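Spelled out, the chains give:
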Amino acid sequence: MVGIGLSGLLTTVIAAMTLYSGTNFARLVNYTDMDSAGVNAIDQISRDIRQANGLFAYSPSSITLRTDNTNQNLTYTYSNGSRVLTRKLGTNAATTVLSECDGMSFSMYQRTPIHGSFNQYEPGTTNEAKVIFVTWNCSRAIHGKKSTTDNASTARIVMRVN
Amino acid sequence: MKPRINPLSEQGNILLVSLCTMMIIGIALLTYLTLAKNQNQLVMRSQTWNACLPMAEAGIDEALNHLVWNATNMTASGWTKSGTNSYYRTNALGDGYYAVTISTNLTPASIIATGYIPMPGSTTFVARKIKVEAAMIPPYSFAMRVKNSVSMNGNGCVIDSYDSSDPTKSTGGLYDAAKAGDEADVSCISQSGNVNLGNGNIWGHAFVAPGGKVTTGPNGAVGSKTWNQTKSGVQPGWSKSDANLSIPDAKVPFTGGVPPLPGLVGGVIYTAVLDGGIFQMATMTGKVIVTDDSLVYVTGSIDVTKFVIQTNATVRIYCGGPSADLGTQVNGPKLASACMFFGLPTCTSIDISSDWIGTVYAPSADFGAAGGADFYGSCTAKSLTLKGHSAYHFDAALKKPQTTDPGFVITSWIEL
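As the structure is a prediction and not an experimental result, all values here were calculated from the model. (Residues numbered from 1 in each chain as written. Chains lettered and ligands numbered in written order. Predicted model: local features only at pLDDT ≥ 70, side-chain atom pairs only at ≥ 80, totals over all residues. Heavy atoms only, no water.)

Trainee: Sorry if this is basic, but what is going on with the pattern of salt bridges here?
Mentor: Taken as a whole, this structure holds 11 salt bridges over all chains when the rule is applied. With a closest N to O distance of 2.8 Å, Arg83 of chain A and Asp102 of chain A form a salt bridge. One end of the pair, Arg83 of chain A, is in the loop between strand 3 (73-79) and strand 4 (84-89); the other, Asp102 of chain A, is in strand 6 (residues 101-110), with 19 residues separating them in the sequence. Take Asp102 of chain A: its relative accessible area is 24%, and that puts it in the partly exposed class. Residue Glu415 of chain B pairs with Arg128 of chain B through a salt bridge whose shortest N-O separation is 2.7 Å. Here Arg128 of chain B lies in strand 5 (residues 125-137) and Glu415 of chain B lies in strand 28 (residues 407-415), a separation of 287 residues in the sequence. One salt-bridge network, held together by shared partners, links Asp33, Glu100 and Arg140 of chain A. (Salt bridge = Lys/Arg side-chain N within 4 Å of Asp/Glu carboxyl O. Helix = DSSP H or I, 4+ residues; strand = E, 2+ residues; numbered from the N terminus. Buried < 20%, exposed > 50% of the residue type's maximum accessible area, 1.4 Å probe, protein only.)

Trainee: Just to check I follow, could you spell out the side chain of Thr380 of chain B for this structure?
Mentor: Residue and element names in this part refer to chain B. Tracing the backbone through its elements, the reader meets Thr380 in strand 26 (residues 374-387). Taking relative accessible area as the criterion, Thr380 reaches 1% and is therefore assigned buried. For Thr380, the residues in contact, after removing those within four places along its chain, are Arg145, Ile247, Val360, Tyr361, Ala362 and Pro363. (Contact = heavy atoms within 4.5 Å.)

Trainee: Would you take a moment to explain the sheet that holds strand 4 (residues 109-118) of chain B for this structure?
Mentor: By definition, the strands of a sheet pair up through backbone hydrogen bonds, in either a parallel or an antiparallel sense. Residues and elements named next belong to chain B. An order of 1-2-3-4-5-28 is seen for the six strands of this open sheet, with the pairing classed as antiparallel. If you trace the sheet from one side to the other, it starts and ends with strand 1 (80-82) and strand 28, each paired once. The average undirected angle you get between the axes of adjacent strands in this sheet is 30 degrees. Relative to strand 28, strand 5 runs antiparallel, the two sharing eight bridges. Along strand 28, the bridge assignment pairs Lys131 with Ile414. (Pairing = 2+ DSSP bridges. Axes fitted to C-alpha atoms, helices over the stretch in contact; angles between N-to-C directions.)

Written out as structure tokens, the structure reads:
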């Protein structure tokens, strides 16, 4: 009886440790994977915005850039329902840049800095936009429970032309 | 009692279980370390990749500086000819470096820069390459640039444009009201600065800083030629509130020039004859004539009654005194670029009371035209006031790039 009891206790401890370790490993994998996806997405977005020569259309969840090198409009759109950020160049099919995104927003600013700060004034129209600020937060669930988040993705990108 | 001795098979089981346990722990540890390593590499790679961009842009910056300062001597300052179509330069900053080329054709200049940053703990370099096209810009791209305000008091005050180099936009190189254009862009860079037109007109764009305002009276207008001729108010799209310009002070050009001598030219006695060269004088008064290309530094004020520039002559005037009354002008070449006035920081007031062709760069001066005097050219000042029926005609020929003293603006930026 004592042996059975000890065996049961040992098995329970091992099972709990296995579950705990497995969950933590899954979180680690998720974090690395989401971090990688976030870095790739911010690199892609910053590269596109940096070489754009103007903002064509704007909303907090979507921006359309004018580009010289392709002569096509480039649109980034965040869908709250499907939790994805897509990139669409001209009439090409949209591609997913980032998924599992709980929230994302774009902000636009003009070229003129506010005195005594690192911020810029908000533009009246898209024609005055020179700086794009983008921020998002993503999460991934394990066993249906949100357990991994990536909140640190923000960027303020300056359009270089003009 | 005999001690129990485990059979060999049980010993093997324990060994097997131990090995399996160790293997599981080992795999878990290996996986964890691999994940940590991947994460570390990802962060390092990302940081290195991002660091390449400012490195490459440092190369672009050096190339643009080289274009501005050495456009006529492109193999100066460590630049070498590379092949037949470009100039090359490399430079190190910290652990990284950049390599940059400039095309020999400068219309537009094509600059390609590659930034290199080493991966931490490695001799492998990560590289990013940028291609920039830069177009020449004129020294006078605006009709008027002011720090504080533009004020137009009186009916008939107008700011418009002509082009002394284009017979369809001028007559004999001079302003012709029938050919006036709408290229007279006005910029006011103070946040509290206003462009107050009253019932005056601006045939061009009005740019103000954030917080600045463009206000018009019932008959005032800002916009295109057609808009000004038919409507009032600000034409949509012809005013922006993101002006962000730098207007540095004019600097003392030299010290130690000789004073000009008085003389008789064409039967007229002049108090100063600028017959070519570099001059310096305490004050400039009376009648002055320029007979050859001259540069004059007036340490005090200017109050001339007549200022004559003979055909084929040009003059640059630097004024260090508090006021400059530019008097009646005869501009023989009929070009704004033939008469350039620079006001030093101590020059705080400039007035014209009769027609004047030239350029004015006086960031600390209040510039005023009154009594029906018309100004032809381009002006940079602290403020501008037009009174009575005075008018301001921007010579759009000044907007054309000058290869002898070029500026450059980026027109295309692409990462390759």
